[in-house]
Amino acid sequence: DTAVSQTPKYLVTQMGNDKSIKCEQNLGHDTMYWYKQDSKKFLKIMFSYNNKELIINETVPNRFSPKSPDKAHLNLHINSLELGDSAVYFCASSLGRVAQRDYGYTFGSGTRLTVV
Amino acid sequence: AQSVSQHNHHVILSEAASLELGCNYSYGGTVNLFWYVQYPGQHLQLLLKYFSGDPLVKGIKGFEAEFIKSKFSFNLRKPSVQWSDTAEYFCAVNTVGGGFKTIFGAGTRLFVKA
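In short, a report on the structure. (Residues numbered from 1 in each chain as written. Chains lettered and ligands numbered in written order. Predicted model: local features only at pLDDT ≥ 70, side-chain atom pairs only at ≥ 80, totals over all residues. Heavy atoms only, no water.)

**Quick look at the overall build of chain B**
- What chain B contains, in helices and strands, is zero helices and twelve strands.
- The order of α-helices and β-strands along chain B, N terminus first, is β-β-β-β-β-β-β-β-β-β-β-β.
- Its C-alpha atoms give chain B a radius of gyration of 14 Å, within 12% of the compact-globule value 13 Å for 114 residues.
- Over its C-alpha atoms, taken along the principal directions, chain B stretches across nearly 45 × 30 × 20 Å. (Helix = DSSP H or I, 4+ residues; strand = E, 2+ residues; numbered from the N terminus. Rg over C-alpha atoms; globule rule 2.2 N^0.38 Å.)

**Details of the environment of Ile103 of chain B**
Residue and element names in this part refer to chain B.
- Among the structural elements, Ile103 can be located in strand β11 (residues 102-104).
- A relative accessible area of 24% means that Ile103 is categorised as partly exposed.
- Through-space distance from the C-alpha of Ile103 to that of Glu88 is 16 Å; in sequence the pair is 15 residues apart.
- Beyond its immediate chain neighbours, meaning those up to four positions away, Ile103 contacts Val4, Cys91, Ala92 and Val93. (Buried < 20%, exposed > 50% of the residue type's maximum accessible area, 1.4 Å probe, protein only. Contact = heavy atoms within 4.5 Å.)

**Digging into the pattern of salt bridges**
All names here are of chain A.
- Evaluation of the coordinates by the stated rule reveals eight salt bridges over all chains.
- Note that Asp85 is salt-bridged to Arg63, the shortest N-O span being 2.8 Å. One end of the pair, Asp85, is in the loop between β8 (73-78) and β9 (87-94); the other, Arg63, is in the loop between β6 (53-57) and β7 (64-70), and 22 residues separate them in sequence. Assigned by exposure class, Asp85 and Arg63 land together as buried. (Salt bridge = Lys/Arg side-chain N within 4 Å of Asp/Glu carboxyl O.)

**Thoughts on the pairing of strand β9 (residues 73-78) of chain B**
Residue and element names in this part refer to chain B.
- Along β9, five of the six residues are buried, which leaves the element largely enclosed by surrounding structure.
- Note that strand β3 (residues 19-21) and β9 share three bridges and pair antiparallel. Paired with Leu19 across the two strands is Lys78, which belongs to β9.
- As judged from the five bridges shared by strand β8 (residues 64-68) and β9, these two strands associate in the antiparallel manner. Bridge assignment links Ile68 to a residue of β9, and that residue is Ser73.
- Between β8 and β9, which pair antiparallel one after the other, the connecting turn spans four residues, and Phe72 there sits at a positive phi close to 50 degrees. (Pairing = 2+ DSSP bridges.)

**Points about unusual backbone geometry**
Residue and element names in this part refer to chain A.
- Of note, the amide linkage connecting Thr7 to Pro8 takes the cis form, showing an omega dihedral of -5 degrees.
- Looking at the element boundaries, Pro8 is found in the loop between β1 (4-7) and β2 (10-13).
- At Lys41, a position not held by glycine, the phi torsion is positive, near 75 degrees.
- With respect to the secondary-structure elements, Lys41 resides in the loop between β4 (31-37) and β5 (43-50).
- Residue Lys41 is classed as partly exposed on the basis of its relative accessible area of 23%.

**What to know about the interface of chain A and chain B**
- Taken together, the contact pairs 25 residues of chain A with 25 residues of chain B.
- Between chain A and chain B lies a buried interface of about 2100 Å² when both sides are counted; carbon and sulfur atoms form 58% of it.
- At the boundary of chain A and chain B, one finds zero salt bridges.
- Between the two partners, chain A and chain B, sit four residue pairs in polar contact (both at pLDDT 80 or more).
- Sorting the residues of the side of chain A that touches chain B by element identifies β4, β5, β6 and β11 (101-102) of chain A as the ones contributing at least two each.
- Each residue belonging to the side of chain A that touches chain B can be placed in one class, and the counts come to eleven nonpolar, eight polar and six charged. (Buried area = accessible area lost by both parts, 1.4 Å probe. Polar contact = N/O pair within 3.5 Å; in protein donor to acceptor, adjacent residues only side chain to side chain. Nonpolar A, V, L, I, M, F, W, Y, C, P; charged D, E, K, R; others polar.)

**Points about the state of the cysteines**
- This structure, assessed with the given rule, holds two disulfides over all chains.
- For Cys23 of chain A, the disulfide goes to Cys91 of chain A, at an S-S distance of 1.9 Å. Negative torsions about the S-S bond denote left-handed disulfides, and the value of about -80 degrees found for Cys23 of chain A with Cys91 of chain A makes this one left-handed. Of this pair, Cys23 of chain A sits in strand β3 (residues 19-25) while Cys91 of chain A sits in strand β9; the two residues are 68 residues apart in sequence, bridging distant segments of the chain.
- Note on Cys91 of chain A: relative accessible area 0%, which makes it buried.
- Between the sulfur atoms of Cys23 of chain B and its disulfide partner Cys91 of chain B the distance amounts to 1.9 Å. One quick way to see it: the torsion about the S-S bond of Cys23 of chain B and Cys91 of chain B is about -70 degrees, and its sign makes the bridge left-handed. (Disulfide = S-S within 2.5 Å.)

Here you go:
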């Protein structure tokens, strides 16, 4: 039973299109994240939600919009896709902060987005 | 701003060699520290974590890491690597008081020759 599942695994689309990536976790975690991993493997946080509330919103173009219908789901919608959006997008979840301890993340398997 | 530096971008070792990957962070307060591993084509998995207490932390697959507060370092070690350890290794820092954000280093690609 996959703990953090993302769909789709691969996404190839043309510039200018709108696409969504879905993420679901069955761990009962309160906090979910979206990270972008570029071609050099660098991981950069994009968004984080805690119990459906947006708590981290990094410097990301407003073409990217996260949505969290409940604490088990965090979806990412991208409008007007550009070539530079090509990357692997990872969803992750965690317990969040418990008594000043962050217990680390459980990552999904990633979505490889290719914009052509 | 907080940052994480991994000194080695690429490391090549022969099987049975010892491994040490460097990680330094910049933050003067309390931190939670992590090492993650990403096998080729896979997602990141947590290797080990440090909160407080014993600065020598043992993780899965025979890995360990040592927190040296005075050096702001959290180096990863393994006494004898195997071909299956070939992967990308990421150091990560979560700063207490820095919200829920975890900052990742740029990663170190380890290739173990059989």
